[in-house]
Amino acid sequence: MKIAPDRLEYFRERYAARRPGWEPATARYQRWVATRLTPATKVLDLGCGRGGIVERLHTIGRWTGIDPDCVSLKEHRVPALTREQARAIYLPFSDAAFDLVVCSWVLEHLAQPALTFAEVARILRPGGHFIFLTPNARHPIPRISRGLTYVQQHIVPRIYGRAAKDVFPIYYQANIPEDIDPMATYAGLRLVKMELVDDPAYFAWNALTFKLAVKFEALLPTWWKVHLIGEYIRLM
């Protein structure tokens, strides 16, 4: 069987055909973000990297990106994006500067996530929203990769289709609901919704492994699904 160049998307399409109504976490995350956008919305893409959701939604709202990696900022695929080099534990913005903070594939890299939640709450206006997408630390992939440098540097880039230079240290300090919610609540954020999303494509390389991956995912407890999407609101 010939596999499409984008392996993950190929098997996600096959999985969606099996499960009407299912969508990958990235699509769900984008939909959540889109519902919070208006032309006047001030948005911060926290850990913007070289692109991502801002590439698809930057025409709606007023976007700013921050990232600690200077090279990523220089090579960003939306050249017109206002962007700054900064760490998540110290955001160079005034209080209540943004209506929306979005954050994808970043929480797993935070060594001090409580400080980041506090900063997010500070720069959000009252009633503003924080929406994030991150791996669920209970899923086997994060369990295997945690602390394994070789897996992070060589296996993960192959699975996710990333360059090795885009793989950063992981900590998984804010990657299950029971860890996230106390930190967010303490910072002054209130939970709107949180969902776990399955995705067997990560274990699928051909027709046989796809079938096995689907069965494997079906056996996992609900709280072990691979991706975690959350939305919080800044308290008034």
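Residues numbered from 1 in each chain as written. Predicted model: local features only at pLDDT ≥ 70, side-chain atom pairs only at ≥ 80, totals over all residues. Heavy atoms only, no water.

*Asks:* Now, about the overall build of the chain: what can you tell me, with residues and values included?
*Replies:* Along its length, the chain carries nine helices and seven strands. When the 236 residues of the chain are sorted by exposure, 49% land in the buried category. For the chain, the share of sequence-separated contacts (at least 6 apart) that also reach a separation of at least 24 residues comes to 73%. Total accessible area on the chain is roughly 11,700 Å²; 57% of this is exposed by carbon and sulfur atoms. (Helix = DSSP H or I, 4+ residues; strand = E, 2+ residues; numbered from the N terminus. Buried < 20%, exposed > 50% of the residue type's maximum accessible area, 1.4 Å probe, protein only. Contact = heavy atoms within 4.5 Å. Areas by Shrake-Rupley, 256 points an atom, 1.4 Å probe, with all protein chains shown as cover.)

*Asks:* Before we move on, could you go through the side chain of Thr134 and cite the residues and values that matter?
*Replies:* Here Thr134 is to be found in strand β5 (residues 124-135). At a separation of 2.6 Å, a polar atom in the side chain of Thr134 contacts the side chain of Asn175. Once you skip the residues sitting within four places of it in the chain, Thr134 turns out to touch Trp105, Leu107, Glu108, Ala174, Asn175, Val226, His227 and Leu228. (Polar contact = N/O pair within 3.5 Å; in protein donor to acceptor, adjacent residues only side chain to side chain.)

*Asks:* Mind laying out unusual backbone geometry, listing which residues take part and the relevant values?
*Replies:* Non-glycine residue Trp105 carries a positive phi angle of around 55°. Looking at where Trp105 falls in the secondary structure, it is placed in the loop between β4 (98-104) and α5 (113-123). A positive phi is found at Tyr172, a non-glycine position, where the angle reads about 55°. By relative accessible area, which is 8% here, Tyr172 ends up buried.

*Asks:* Could you give an account of helix α8 (residues 177-187), with specific residues and numbers?
*Replies:* Residue pairs three or four apart in sequence face the same way in an α-helix, which turns once every 3.6 residues. All of the buried residues along α8 are Ile180, Met183, Ala184 and Ala187. Down the axis of α8, the sector holding all buried residues measures 100°, keeping them to one side. Where the residues of α8 are buried, they touch α5, β5, β6 (189-197) and β7 (227-234). Note on α8: the residue one or two positions beyond its end, Gly188, has a positive phi of about 105°. (Arc of directions from axis to C-beta.)

*Asks:* Give me the lowdown on the packing of aromatic side chains, citing residues and values where you can.
*Replies:* As enumerated under the stated definition, the model contains eight aromatic pairs in all. When the centroid spacing of 5.0 Å and the interplanar angle of 90° are considered together, the rings of Phe93 and Phe98 count as edge-to-face. Residue class for Phe98 comes out buried when judged on its relative accessible area of 6%. Each ring, one from Phe203 and one from Phe216, has its centre 5.5 Å from the other, and the planes form 90°; the classification is edge-to-face. Here the residue Phe203 occupies a position in the loop between β6 and α9 (207-219), and Phe216 occupies one in helix α9, the gap between them amounting to 13 residues. For Phe203, a relative accessible area of 28% corresponds to the partly exposed category. Here the aromatic residues Phe117, Phe130, Phe132 and Tyr232 are joined through ring pairs into a cluster of three or more. Above the plane of the ring of Trp224 lies Arg143, whose end atom (NZ or CZ) is 4.5 Å from the centre. (Phe/Tyr/Trp six-rings, centres within 6.5 Å; stacked < 30°, edge-to-face > 60°. Lys NZ or Arg CZ within 6 Å of the ring centre and 35° of its normal.)

*Asks:* Now, about the sheet that holds strand β2 (residues 62-67): what can you tell me, with residues and values included?
*Replies:* A sheet is described by the order of its strands in space; here seven strands give the open sequence β3-β2-β1-β4-β5-β7-β6, paired in mixed fashion. Of all the strands in the sheet, just β3 (82-85) and β6 have a single pairing partner and so form its edges. The mean angle between the axes of side-by-side strands here comes to 15°, regardless of whether they run parallel or antiparallel. Pairing of strand β1 (residues 42-46) with β4 involves three bridges; the strand directions are parallel. Looking at the pairing, Val43 lines up with Leu100 of β4. The strands touched by α5 within the sheet are β1, β4, β5, β6 and β7, with β5 carrying the most contacts at an inclination of about 145°. (Pairing = 2+ DSSP bridges. Axes fitted to C-alpha atoms, helices over the stretch in contact; angles between N-to-C directions.)

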